[in-house]
Amino acid sequence: MVGSKSVNPLPYSDFRSDTATAPTPEMFAAMMKTSLGDDVYNEDDSVKKLERYVATLCGHEAALFCSSGTMTNQLAHRVHLSNPPQSAMVDIRSHVFNYEAGGISFHSQAAVYPIMPSNNKYLTAEDVASRLVLDVDVHYAPTRSISLENTLNGTIMPIEEMERIRILTKEHDIKLHLDGARLWHASIATGISMKEYCSHFDTVSLCLSKGIGAPIGSILVGSELTIKKARHFRLLFGGGWRQAGLLAEAALWGIKNNWPTMEDTHRRAKWLERVFLQVGCQITNPVDTNMVWVDTTNAGFSVDDLIVELAKEGIKISGSGCQARVVLHYQISDEAVQQFIEVLRKMAHSHRMKVNVDLIKTSMREQPHSVFDDEHNDKMTPPSPPLSPDSPILGQIKTFSKGQSSEANHRPEKKTSDSDAEDEVLPRSSIQSGPDMKRCLFKESNEPTLDTTEPFQPSSRRSAPRLMSAYYEPELMTARVREAEQVFGMRKSFGERLSEDDESHSEDDQVPSSRMIRTTQSLDLQEIEARAVVEQLAAAVDSQRPQTAVSTCEKKKVKKIQYRLAHNTASKAFKRASVRIVRWGSFLNREA
């Protein structure tokens, strides 16, 4: 049997199911040769020819042509299950259990015991043996039939396992049925003949409207006695039909011409599988034949978006969320697969970029702004407005020059002391709070005065300021210090901290000069103002006090305060945010 590949007569490529094939002109030509007998009277020659052909192909005595696979499965179970109480054992993922409206329980008055394979692929003899219900206890419905499915979700069940299960069923006089809707694919993929596959089962249901491409129909094969009884039940179910030869001719033509093309279909499925993996998708079932089960979660796009984009190119698939089933058949050409792949790669790239941009937007809302803006590095200018996620990000993030790391620019300097080795000192930072700041420490010609009547609200993030003993103007300096104490939650009065300010000071005790740090508006404004008050206060105190020695007790207090300032929540958050912005800058450069 050598057949030629038919052309898809539809204006689109349908990857939803292999039942989506449409009759071709060649198939219509074959249908014109049909007989016009009545199949209810068993007088249609075309139907009888199809039934004899398939029965011989599968090595069974007889066959029965029906309208659907659901009907052939239900007829087989109804014949096997005729003596309640009884039960049928099935794979929990099988069509007969999930997609036939509970037909076994309804038609055959049998309990159904679904089993999940221990290997998550196919049932084994051990799975079946451990769950058999034998007729030894009246409390339970004994197992009378077992139903297998090959292929199931496109995965082939090894024939060796079928043989082992068959031995078990013969030992306990249990009927074995095969839902072989796509057994045609398993035979082509493995090279095992249909006759060898079907020889291990009492009944086999074969679909003619899937890979075979007939417009309608399935066929049940079995013994003469089984098929005679099934024919009776078919009429009972309302499945008798008259001039069915038209459909029988189409099915026979499909077996002879479309069945041999399944090897190409499997090649295309493997092709699609490779591309899905390349774009980051996960394949959730082995691709043994014509089905590709895919999860797009890791690829950065949803199946719903993919459906929309494929529809623009005349391609249909089924699925939702991040799960999809892609099914190929003889009317899917290489060109259709190539078109599918082009859309898939385009979607994978564009949606991955979209996800990255969304992450950038989310991150930039959380990060300080202008941290690496060169125009703020060397002069005290007000910080620019917060970065908008919709603004051109590439133009607003400045990266460091080669050899200069972000961590090096934000690593706090340390100053060791002989008197207290564990204390760390962070160089004082001068923070420009911008024109909106209403508080300044000293009355000078170019600066606004401090409004001491307005209470200063402390930040929720409490940190200790850096305080030094000094000679100062009592009225002015006391007001400034009290304000700083309120901001940072100081418990002791300023006078208590400066109890030893009459001690002599040395040049070694002078506070290091202030170091400018990059500013951001994402830090709390009150924290910035509080830092400005403390820094300018300390600078003023340094300029006014005499150069005399400071007591050891005061030095320790000062350094502890400096340590607390260096390790407060705002400082740590600032350093973490700065490092993250540098990393985003590097990422954007790579993407550009």
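Residues numbered from 1 in each chain as written. Predicted model: local features only at pLDDT ≥ 70, side-chain atom pairs only at ≥ 80, totals over all residues. Heavy atoms only, no water.

Under an unreviewed UniProt entry, the name given to the protein is Threonine aldolase, and the organism recorded is Linnemannia hyalina. The UniProt entry for the protein carries the following comment under Sequence similarities (unreviewed entry): "Belongs to the threonine aldolase family." Listed under Cofactor (unreviewed entry) in UniProt, the entry text for the protein is "pyridoxal 5'-phosphate". (UniProt positions renumbered as here; feature names shortened; annotations may be inferred.)

Caption draft 1: Structural view of the pattern of salt bridges. The full count for this structure, using the stated rule, is 17 salt bridges. A salt bridge links Arg-144 to Asp-135; its shortest N-O distance comes to 3.4 Å. By relative accessible area, which is 56% here, Asp-135 ends up exposed. Of the charged contacts, one joins Arg-164 and Glu-161 as a salt bridge, the two residues approaching to 2.5 Å between their closest N and O atoms. Within this pair, Arg-164 and its partner Glu-161 are both found in helix 7 (residues 159–171), separated by 3 residues, close to a single helical turn. What emerges from the salt-bridge pattern is a single network uniting Asp-264, Arg-267, Arg-268 and Asp-334. (Salt bridge = Lys/Arg side-chain N within 4 Å of Asp/Glu carboxyl O. Buried < 20%, exposed > 50% of the residue type's maximum accessible area, 1.4 Å probe, protein only. Helix = DSSP H or I, 4+ residues; strand = E, 2+ residues; numbered from the N terminus.)

Caption draft 2: Just the packing of helix 8 (residues 183–190) against helix 12 (residues 262–278), in detail. The interhelical angle for the contact between helix 8 and helix 12, taken along N-to-C directions, is 85°, at an axis separation of 9 Å. Classified by the interaxial angle, the pair formed by helix 8 and helix 12 is roughly perpendicular. Listed contacts from helix 12 to Trp-184, His-185, Ile-188 and Ala-189 of helix 8 are Met-262, Glu-263 and His-266. (Axes fitted to C-alpha atoms, helices over the stretch in contact; angles between N-to-C directions. Parallel < 35°, antiparallel > 145°, perpendicular 65-115°, else oblique. Contact = heavy atoms within 4.5 Å.)

Caption draft 3: Region of interest: the sheet that holds strand 10 (residues 291–295). Strand order in this open sheet of 4 strands is 9-10-13-12, and the pairing throughout is antiparallel. Single-partner strands in this sheet number two, and they are strand 9 (282–283) and strand 12 (318–320). As paired elements, strand 12 and strand 13 (residues 323–327) share 3 bridges and run antiparallel to each other. Bridge pairing in strand 13 places Ser-318 opposite Arg-325. Packed on one face of the sheet, helix 12 meets strand 9, strand 10 and strand 13 and runs near 10° to strand 10. (Pairing = 2+ DSSP bridges.)

Caption draft 4: Region of interest: the nonpolar core. Grouped together as the largest cluster of nonpolar side chains are 48 residues, with contacts concentrated most on Leu-50, Leu-148, Leu-183, Trp-184, Leu-206 and Leu-208. Within the second largest apolar cluster, 30 residues are counted, among which are Phe-15, Val-294, Leu-306 and Ala-348. (Core = buried A, V, L, I, M, F, W, Y, C linked by side-chain atoms within 4.5 Å.)

Caption draft 5: Layout of the packing of helix 3 (residues 69–80) against helix 10 (residues 224–236). Direction vectors running N to C along helix 3 and helix 10 enclose 115°, while the axes themselves pass 9 Å from each other. In the packing of helix 3 onto helix 10, the handedness of the crossing is right-handed. Note on element contacts: helix 10 touches helix 3 through Thr-226, Lys-229, Ala-230, Phe-233 and Arg-234, opposite Met-71, Leu-75, Arg-78 and Val-79. Considered class by class, the residues forming the contact of helix 3 with helix 10 number 5 nonpolar, 1 polar and 3 charged. (Left-handed = near helix turned anticlockwise from the far one by under 90°. Nonpolar A, V, L, I, M, F, W, Y, C, P; charged D, E, K, R; others polar.)

Caption draft 6: Highlighting helix 8. Those residues of helix 8 lying buried are Leu-183, Trp-184, His-185, Ala-186 and Ser-187. Tucked inside the fold, the buried residues of helix 8 contact helix 2 (45–58), strand 6 (175–179), helix 9 (194–198), strand 7 (203–207), helix 11 (245–257) and helix 12. Phi for Gly-191, located one or two positions after helix 8, is positive at around 80°.

Caption draft 7: Just the packing of aromatic side chains, in detail. Under the defined criterion, the tally for this structure stands at 5 aromatic pairs. Between Phe-276 and Phe-340, the ring centres sit 6.0 Å apart and the planes meet at 75°, which makes this aromatic pair edge-to-face. Here Phe-276, found in helix 12, pairs with Phe-340, found in helix 14 (residues 334–366); they are 64 residues apart in sequence, far enough to count as distant. By the burial criterion, Phe-276 is buried, and Phe-340 matches it. Each member of the aromatic cluster is reached from another via a ring pair, and the members are Phe-15, Phe-276 and Phe-340. The residue whose ring lies beneath Arg-242 is Tyr-41, and the NZ or CZ to ring-centre distance is 5.7 Å. In this structure, Lys-316 is placed above the aromatic ring of Tyr-12, and the distance from its NZ or CZ to the ring centre is 3.9 Å. (Phe/Tyr/Trp six-rings, centres within 6.5 Å; stacked < 30°, edge-to-face > 60°. Lys NZ or Arg CZ within 6 Å of the ring centre and 35° of its normal.)

Caption draft 8: Just the pairing of strand 7, in detail. With 5 of 5 residues buried, strand 7 is to be regarded as a mostly interior element. Every second residue of strand 7 is oriented toward a common face, with Thr-203, Ser-205 and Cys-207 on one face and Val-204 and Leu-206 on the other, all of them buried. Two strands pair when backbone bridges link them, and strand 6 and strand 7 are joined in this way by 3 bridges, in the parallel orientation. By the bridge assignment, Asp-179 is partnered in strand 7 with Ser-205. Both strand 7 and strand 8 (residues 218–222) contribute to a ladder of 4 bridges, which runs antiparallel. Residue pairing for strand 8: Leu-206 is matched across the bridge by Ile-219.

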